[in-house]
Protein chains: 2
Amino acid sequence: MKAIIQRVTTASVSVGEVPISSIGRGLCVLLGISMEDTQKDVDYMVRKILNLRLFDDENGRAWSKSVMDKEYEVLCVSQFTLQCILKGNKPDFHAAMPAELSQPFYNNILEHLRSTYKPEMIKDGQFGAYMQVHIQNDGPVTIELVSPSAPMDPKQLAKQEKQQQRKEKQRSKGPSESGRERAAPRPRAQDPNASSGADGDVSSERET
Amino acid sequence: MKAIIQRVTTASVSVGEVPISSIGRGLCVLLGISMEDTQKDVDYMVRKILNLRLFDDENGRAWSKSVMDKEYEVLCVSQFTLQCILKGNKPDFHAAMPAELSQPFYNNILEHLRSTYKPEMIKDGQFGAYMQVHIQNDGPVTIELVSPSAPMDPKQLAKQEKQQQRKEKQRSKGPSESGRERAAPRPRAQDPNASSGADGDVSSERET
């Protein structure tokens, strides 16, 4: 999961001129959920969003207080485009969790934010709608968060994939190999970090 | 270099209630320059910002047209906080290029954007000032760009660092080794991608 966190003076969401929600001082969080995300990523993100020290303390000391310390608000908006893989200059979003899965997943994140902080301090957009998100970025201060089990660097993925293939080859030569295993159409790495690499496209992320 | 690119309906910058600049439809680009960045990163970023297909074509087909195709504007704002390394919940910005170096570097990026597109279509904030950046994110559509020579995944950096150390060890056993080389206080990897890992802090990025 990726999150772009902007420290804001105000932020709001509207859908076709209709205001949906707004906050005063706090954080606007754009949240990109990937195919690989699990509850572990949710726990990490919720903890980081609420505890990151992005605000001054009462003496003006920077990077001292969290959104909870300051009793500020959070506006959270789902943003699948953060799971973008570039194919040349065209964005590809196959790494994003599909909407039918990501909507309950996203609602779970909101619930978790609300129960960890205070329900009334967590605002939301309108999932899947075409929105205008008004952000008054204060500073500006923008932080990118990546949860620990997010897909890794493409080069590393390619390397892991090769290692996996080598292992598969060695196993297929070994004595314990069964014919059924060998016939498997497409071996997938067991490591959750490696699995997205098996599907190929990620390696084009840093293409020029 | 990292860039957070938001597709906008409008965007503007003000410093202490004074408007500095504004654009209509286009892209708001928050740009985080790292210690490692070179002209290669500038070339990559400028090319991607101007050519990324984030807009619809005349038939409403999504992800078809670039900001240049549409003759839209770009508001570019320097954002060192994107080069954040988390130490627990506290952001650390030692990976960011220091202001005295990053200001000419950033101006070079603006120049490059202006000469590649049209000077009047590229707007700017006020480098180093405390700004309010008003962003009307349209969609929302937010893309993170990382230039190819940006620091890699911490795990990979640690791995490369170990490989480098192993190489140094082997070299120190070899016949062509000179005493001076062996006495070097801190071997640094030659690969520009690996060098930031040698300085340690990056490995805490994914700390929980």
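Every value quoted in this text rests on a predicted model; they were computed, and no experiment measured them. (Residues numbered from 1 in each chain as written. Chains lettered and ligands numbered in written order. Predicted model: local features only at pLDDT ≥ 70, side-chain atom pairs only at ≥ 80, totals over all residues. Heavy atoms only, no water.)

Novice: Quick question: what am I supposed to make of the overall build of chain A here?
Specialist: On a plain count of helices and strands, chain A comes out with five helices and eight strands. Accessible surface, chain A as shown: approximately 9,800 Å² in total, 50% of it carbon and sulfur. (Helix = DSSP H or I, 4+ residues; strand = E, 2+ residues; numbered from the N terminus. Areas by Shrake-Rupley, 256 points an atom, 1.4 Å probe, with all protein chains shown as cover.)

Novice: Mind showing me how you'd approach helix H1 (residues 39-51) of chain A here?
Specialist: Since the α-helix turns once every 3.6 residues, residues separated by three or four places project in the same direction. The first and last C-alpha atoms of H1(A) sit 18 Å apart over 13 residues, in line with the 18 Å expected at 1.5 Å per residue. Along H1(A), the residues that are buried comprise Asp41(A), Val42(A), Tyr44(A), Met45(A), Val46(A), Lys48(A), Ile49(A) and Leu50(A). (Expected span 1.5 Å × (residues − 1). Buried < 20%, exposed > 50% of the residue type's maximum accessible area, 1.4 Å probe, protein only.)

Novice: Help me understand unusual backbone geometry, please; the structure alone is not making it clear to me.
Specialist: What is expected of a backbone is that most residues other than glycine have negative phi and most peptide bonds are trans. Residue and element names in this part refer to chain A. Each neighbour pair has its own omega, and for Gly139 with Pro140 the value is -5 degrees, a cis peptide bond. With respect to the secondary-structure elements, Pro140 resides in strand S8 (residues 131-146). One non-glycine residue, Glu17, adopts positive backbone phi at about 75 degrees. Relative to the helices and strands, Glu17 is located in the loop between strand S1 (2-15) and strand S2 (18-23). Judged by its relative accessible area of 78%, Glu17 is exposed. The backbone phi angle of Glu71 is positive, close to 55 degrees, even though this residue is not glycine. Relative to the assigned elements, Glu71 resides in the loop between H1 and strand S4 (73-78).

Novice: Is there a simple way to think about the confidence of the model for chain A in this case?
Specialist: Residue-level pLDDT values for chain A average 81, and 71% of them are 70 or greater. When the criterion is pLDDT under 50, residues 174-208 of chain A qualifies, and its contacts beyond four places in sequence or with other chains add up to 61 contacts. (pLDDT = per-residue confidence, 0-100. Contact = heavy atoms within 4.5 Å.)

Novice: How should I be thinking about the packing of aromatic side chains in this particular structure?
Specialist: Considering all chains together, one arrives at eight aromatic pairs over all chains under this definition. Relative to Phe93(B), the ring of Phe80(B) has its centre 5.1 Å away and its plane inclined at 85 degrees; by these criteria the two rings are edge-to-face. In this pair, Phe80(B) is assigned in the loop between strand S4 (73-78) and strand S5 (85-87) and Phe93(B) in the loop between strand S6 (90-92) and helix H2 (99-116), connecting sequence segments 13 residues apart. With relative accessibility at 43%, the residue Phe80(B) sits in the partly exposed group. Joined through ring pairs, the aromatic side chains of Trp63(A), Phe80(B) and Phe93(B) make up one cluster. (Phe/Tyr/Trp six-rings, centres within 6.5 Å; stacked < 30°, edge-to-face > 60°.)

Novice: Is there a simple way to think about the environment of Gln79(B) in this case?
Specialist: Residue placement: Gln79(B) occurs in the loop between S4 and S5. For Gln79(B), a relative accessible area of 1% corresponds to the buried category. For the pair Gln79(B) and Met45(B), spaced 34 residues apart in sequence, the C-alpha to C-alpha distance is 14 Å. Residues within four places of Gln79(B) in sequence aside, it is in contact with Asn137(A), Pro140(A), Val141(A), Thr142(A), Leu30(B), Leu31(B) and Gly32(B). A distance of 3.0 Å separates the side chain of Gln79(B) from the side chain of Thr81(B), its partner in a polar contact. (Polar contact = N/O pair within 3.5 Å; in protein donor to acceptor, adjacent residues only side chain to side chain.)

Novice: Please clarify how the pattern of salt bridges should be interpreted in this entry.
Specialist: Between side chains of opposite charge, a pair can form as their charged atoms come close. All names here are of chain A. Per the stated rule, a full pass over the model turns up 14 salt bridges over all chains. With a shortest N-O distance of 3.3 Å, Arg7 and Asp138 are connected by a salt bridge. Of the two residues, Arg7 is situated in strand S1 and Asp138 in strand S8; the sequence distance between them amounts to 131 residues. For the pair shown, Arg7 and Asp138 are each scored as buried. The exposure class assigned to Asp138 is buried, which follows from its relative accessible area of 4%. (Salt bridge = Lys/Arg side-chain N within 4 Å of Asp/Glu carboxyl O.)

Novice: Please clarify how the interface of chain B and chain A should be interpreted in this entry.
Specialist: Many structure descriptions define interface size as the accessible area lost when the parts assemble. At the junction of the two partners, chain B supplies 58 residues and chain A supplies 58 residues. The junction of chain B with chain A conceals about 4,700 Å² of combined surface from both sides, 49% of it contributed by carbon and sulfur atoms. Linking chain B to chain A there are two salt bridges. With its nearest N and O atoms 2.8 Å apart, the salt bridge here joins Lys2(B) to Glu144(A). Linking chain B to chain A there are 28 residue pairs in polar contact (both at pLDDT 80 or more). Taken together, the elements giving at least two residues each to the side of chain B that touches chain A come down to strand S1 (2-15), helix H1 (39-51), S4, S6, strand S8 (131-146) and helix H3 (154-173) of chain B. Its residues placed into classes, the side of chain B that touches chain A shows 25 nonpolar, 18 polar and 15 charged. (Buried area = accessible area lost by both parts, 1.4 Å probe. Nonpolar A, V, L, I, M, F, W, Y, C, P; charged D, E, K, R; others polar.)

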